[in-house]
Amino acid sequence: MANIAKIKKYCISNGEGLRTAIFFSGCDFHCKGCFNYKLQNPNYGEEYTTVKEKEIFNSINDHISGISILGGEPLSQYNLSTVTKLCADFKKNFPDKTIWLWTGFVLEDIKNLPILEYVDILIDGQFKQDEYEYGLSWRGSRNQRILKKGIDF
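Description of the structure in this document. (Residues numbered from 1 in each chain as written. Predicted model: local features only at pLDDT ≥ 70, side-chain atom pairs only at ≥ 80, totals over all residues. Heavy atoms only, no water.)

1. Digging into the pattern of salt bridges
The condition is simple: Salt bridges are identified by distance alone: a Lys or Arg side-chain nitrogen within 4 Å of an Asp or Glu carboxyl oxygen. A simple rule labels every residue: compare its accessible area, found with a 1.4 Å probe on the protein chains alone, to the largest value its type can have, and call it buried under 20%, exposed over 50%, or partly exposed in between. Helix numbering and strand numbering both begin at the N terminus, where a helix is a DSSP run of H or I of at least 4 residues and a strand a DSSP run of E of at least 2.
Counted according to the given criterion, the structure contains seven salt bridges. Lysine 52 is paired through a salt bridge with glutamate 46; the nearest N and O atoms lie 3.2 Å apart. The buried category is assigned to lysine 52, whose relative accessible area is 16%. A salt bridge links glutamate 108 to arginine 145, with the shortest nitrogen-to-oxygen separation between them at 2.8 Å. One end of the pair, glutamate 108, is in helix α3 (residues 107-110); the other, arginine 145, is in strand β7 (residues 145-148), and 37 residues separate them in sequence. Owing to a relative accessible area of 45%, glutamate 108 belongs among the partly exposed residues under this scheme. Arginine 145 sits in the partly exposed class, given a relative accessible area of 30%.

2. Considering the packing of aromatic side chains
Applied cut-off: Pairing of aromatic rings covers Phe, Tyr and Trp, the last through its six-membered ring, and needs centres within 6.5 Å; plane angles under 30 degrees mean stacked, over 60 mean edge-to-face, and all others mean tilted.
Counted by the stated rule, this structure contains eight aromatic pairs. Between tryptophan 100 and tryptophan 138, the ring centres sit 4.8 Å apart and the planes meet at 75°, which makes this aromatic pair edge-to-face. Here tryptophan 100, found in strand β5 (residues 98-102), pairs with tryptophan 138, found in the loop between β6 (121-124) and β7; they are 38 residues apart in sequence, far enough to count as distant. On the basis of relative accessibility, which here comes to 4%, the residue tryptophan 100 falls in the buried class. For tryptophan 138, a relative accessible area of 28% translates into the label partly exposed. The structure contains a cluster of three or more aromatic residues connected by ring pairs, namely Phe57, Phe90 and Phe94.

Put into structure tokens, the structure is as follows:
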């Protein structure tokens with residue numbers, strides 16, 4: 001069972017364009033300096049349900065570029081199947097919209113996951129406080145990579 005902490009509509013800070021951001025709860029990385037510390041608890045927030053999915057899908061219109069999936073850790077064992085289904089359903093309903101996904105895992109360790117079929121932009125790698133740099137686009141530390149489907153994976 002997956003929990004979500006927040007659905008942020010009309011978001012401009014998590015990917016290109018106007019987006020709907022979904023923050024999944026639960027993370028086992030416990031990165032020092034994590035800005036979403038509360039979301040490390042997998043029980044934080046509310047259960048992800050079909051009602052929540054409808055809320056996400058109903059937020060999509062011509063002005064919305066796509067969804068952004070963050071956490072916590074969306075690819076944790078307790079979130080992976082739900083997040084994969086969300087991405088598959090989203091692409092089925094909105095094939096021209098993009099999916100951005102943030103994960104503490106690196107691409108080399110998750111390259112065989114079926115979810116990557118649906119993700120357009122992957123931001124990988126754990127946040128490292130000693131590599132923090134103010135003003136980095138869409139990531140918090142220099143070790144994190146912005147990877148594009150069809151180019152990087």
